[in-house]
Amino acid sequence: MEKLRWGVLGTANIARGCAIPGMKLAKNCEIYAVAGRKLDKAKAFAEEFGFQKAYGSYEELIEDDAVQAVYIPLPNNLHFRWVEAALKAKKHVLCEKPLALNAAEARKMYGIAEENGVRLMEAYAYLHSPYVASLKQDVQSGIIGDVVYVDTAFVTQGYKEDFRLYKELGGGAMYDLGCYCTTMILSLIDSEPRSVKASAEFSKLGVDLASTGTIRFMNGSWASFNVGMILGQDTNARFDRLYVHGTKGCIKSDVEYNQEGELGYRIFTADGVSERKVSVPQNYSLEIENLGNCVLSGEKLHVSPEFSIKNAELMDRVFAEIGY
């Protein structure tokens, strides 16, 4: 199978624990180069995962003509700078969510990608999951009737020291967790948002530790979300929830975002309760393969520019509401 040659721009934990293991599983991926702010850390990554090249600066990796695609797991405030640099160097780009700090940035990024004839995709690994595909298929089948209300939550532990705690780095619960909720809502409700109401609890450093809100849609559906970095600081606890209520029934899921394995959700209708079981591989490998297949064989991007921009616009409205 033809393979796309990848470089990883940064040595973040999500790269080590999620994306690079996914690259090693992806059938159309060749892991080629990794770059860090310090050469010794990049070399350690290269040795750990089998990269052929290690660079002590991001510029060196982008300038390597052998690199065809770049994965960017950097802090949120650095996304625009390095996405732009990679795109202008004619590299295809997979950038961690949230792609941009606002919709204007997102539109500029996709414009640069189009100008340079390369592909750009926002990295929502969970959206590639067969579990989400099954959920969407059941919703679209009409088994629970028309969607009236979607409720979702994503709450994690408190962060002792992390870029997500700092406003200047694009931190906060909405950027880190809320984007999962808004993309899930937009995946399940096929309509344009009409109005947004939201509020937040802020830290002393100016980021939202917890945000909650409601979204009304043009078709009459509505949704609510709750996100937060507020659980115990000495635990690894998290809480995920998804309820989809329709005119004929509802779907309940308590599966965590981005999980793999045998996953299930329950469907409640007048005929009783049924359960779906879905076998899910490592989601990060699926997004790597999708971008690779898009470049190599013309497959469509699973997370399209239009979808990412629509979500960024919705996030902008939430930020305006909470005053961030």
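Please refer to the structure placed before this passage.
Now for a quick tour of the structure. (Residues numbered from 1 in each chain as written. Predicted model: local features only at pLDDT ≥ 70, side-chain atom pairs only at ≥ 80, totals over all residues. Heavy atoms only, no water.)

1. Here's the deal with the pairing of strand 9 (residues 208-217)
Strand direction decides the pairing type here: strand 8 (residues 193-202) and strand 9, joined by nine bridges, are antiparallel. Looking at the pairing, F202 lines up with D208 of strand 9. The turn linking strand 8 back onto strand 9 is made up of five residues, and G206 within it adopts a positive phi angle of 95°. (Pairing = 2+ DSSP bridges. Helix = DSSP H or I, 4+ residues; strand = E, 2+ residues; numbered from the N terminus.)

2. Some details on the packing of helix 1 (residues 13-25) against helix 2 (residues 39-49)
Contact geometry for helix 1 and helix 2: axes closest at 12 Å, N-to-C directions at 45°. In terms of orientation, helix 1 and helix 2 fall into the oblique class. For helix 1 against helix 2, the interelement crossing comes out right-handed. For the pair formed by helix 1 and helix 2, the contact residues are R16, I20 and K24 on the first element and F45, E48 and F49 on the second. Tallied by class, the residues present in the contact of helix 1 with helix 2 amount to three nonpolar, no polar and three charged. (Axes fitted to C-alpha atoms, helices over the stretch in contact; angles between N-to-C directions. Parallel < 35°, antiparallel > 145°, perpendicular 65-115°, else oblique. Left-handed = near helix turned anticlockwise from the far one by under 90°. Contact = heavy atoms within 4.5 Å. Nonpolar A, V, L, I, M, F, W, Y, C, P; charged D, E, K, R; others polar.)

3. Some thoughts on the sheet that holds strand 4 (residues 69-72)
Taking strand neighbours across the sheet as the criterion, the six strands line up as 3-2-1-4-5-6 in an open arrangement whose pairing is parallel. Each edge of the sheet is formed by a strand with only one pairing partner; in this case those strands are strand 3 (53-55) and strand 6 (120-123). The sheet shows a mean angle of 25° between the axes of neighbouring strands, direction not considered. By the bridge criterion, six bridges tie strand 1 (residues 4-9) to strand 2 (residues 29-35) in an arrangement that is parallel. The partner of L4 across the bridge, within strand 2, is C29. Contacts from helix 8 (residues 283-297) reach strand 1, strand 2, strand 5 (92-96) and strand 6 within the one sheet, and its direction differs from that of strand 5 by about 155°.

4. What to know about helix 2
Along an α-helix, residues three or four apart share an orientation, since each turn contains 3.6 residues. For helix 2, the full list of buried residues reads A42, F45, A46 and F49. End-on view of helix 2: buried residues confined to an arc of 100°, all on one side of the axis. Exposed side of helix 2, more than 90 degrees from the buried face: D40 and E47 are the residues found there. Structurally, helix 2 contributes buried residues whose contacts are with helix 1, strand 2 and strand 3. (Buried < 20%, exposed > 50% of the residue type's maximum accessible area, 1.4 Å probe, protein only. Arc of directions from axis to C-beta.)

5. Here we look at the packing of aromatic side chains
Scanning the model with the defined rule gives 15 aromatic pairs in all. Ring geometry for F154 against Y180: centres 5.3 Å apart, planes inclined by 65°, an arrangement best described as edge-to-face. Residue F154 is located in strand 7 (residues 147-157), and its partner Y180 is located in helix 7 (residues 173-188); the two are separated by 26 residues in the primary sequence. An aromatic cluster is built from Y124, Y126, F154, Y180 and Y257, whose rings are joined through pairwise contacts. Against the face of Y243 rests K252, its NZ or CZ located 5.6 Å from the ring centre. (Phe/Tyr/Trp six-rings, centres within 6.5 Å; stacked < 30°, edge-to-face > 60°. Lys NZ or Arg CZ within 6 Å of the ring centre and 35° of its normal.)

6. Overview of the pairing of strand 12 (residues 249-253)
Burial analysis of strand 12 places four of its five residues in the buried class, which makes it a mostly covered element. Across four bridges, the pairing between strand 11 (residues 238-246) and strand 12 is antiparallel. When the sheet's bridge partners are listed, H245 is paired in strand 12 with C250. If you look at the hairpin formed by strand 11 and strand 12, you'll find two residues sitting between the two strands. Across four bridges, the pairing between strand 12 and strand 13 (residues 261-269) is antiparallel. Residue C250 lies in a different strand from strand 13, and its bridge partner there is F268.

7. Thoughts on the nonpolar core
By size, the foremost hydrophobic cluster in this structure holds 77 residues, and its most contacted members are W6, V150 and V244. With eleven residues, helix 7 is the largest single contributor of residues to this core. Leaving out residues up to four positions away in the same chain, V244 has contacts with V139, I144, V147, Y149, V150, L188, G249, C250 and I251. Ranked by size, the runner-up nonpolar core spans 30 residues in total, among them Y32, Y58, I72 and C95. (Core = buried A, V, L, I, M, F, W, Y, C linked by side-chain atoms within 4.5 Å.)

8. Observations concerning the packing of helix 4 (residues 79-88) against helix 5 (residues 103-115)
It is the contact of helix 4 with helix 5, at a shortest axis distance of 9 Å, that shows an interaxial angle of 10°. The angle between helix 4 and helix 5 places the two elements in the roughly parallel class. From helix 4, H79, F80, V83, E84, L87 and K88 reach across to helix 5, where they touch E105, K108, M109, I112 and A113. For the contact of helix 4 with helix 5, the class distribution of residues is six nonpolar, one polar and four charged.

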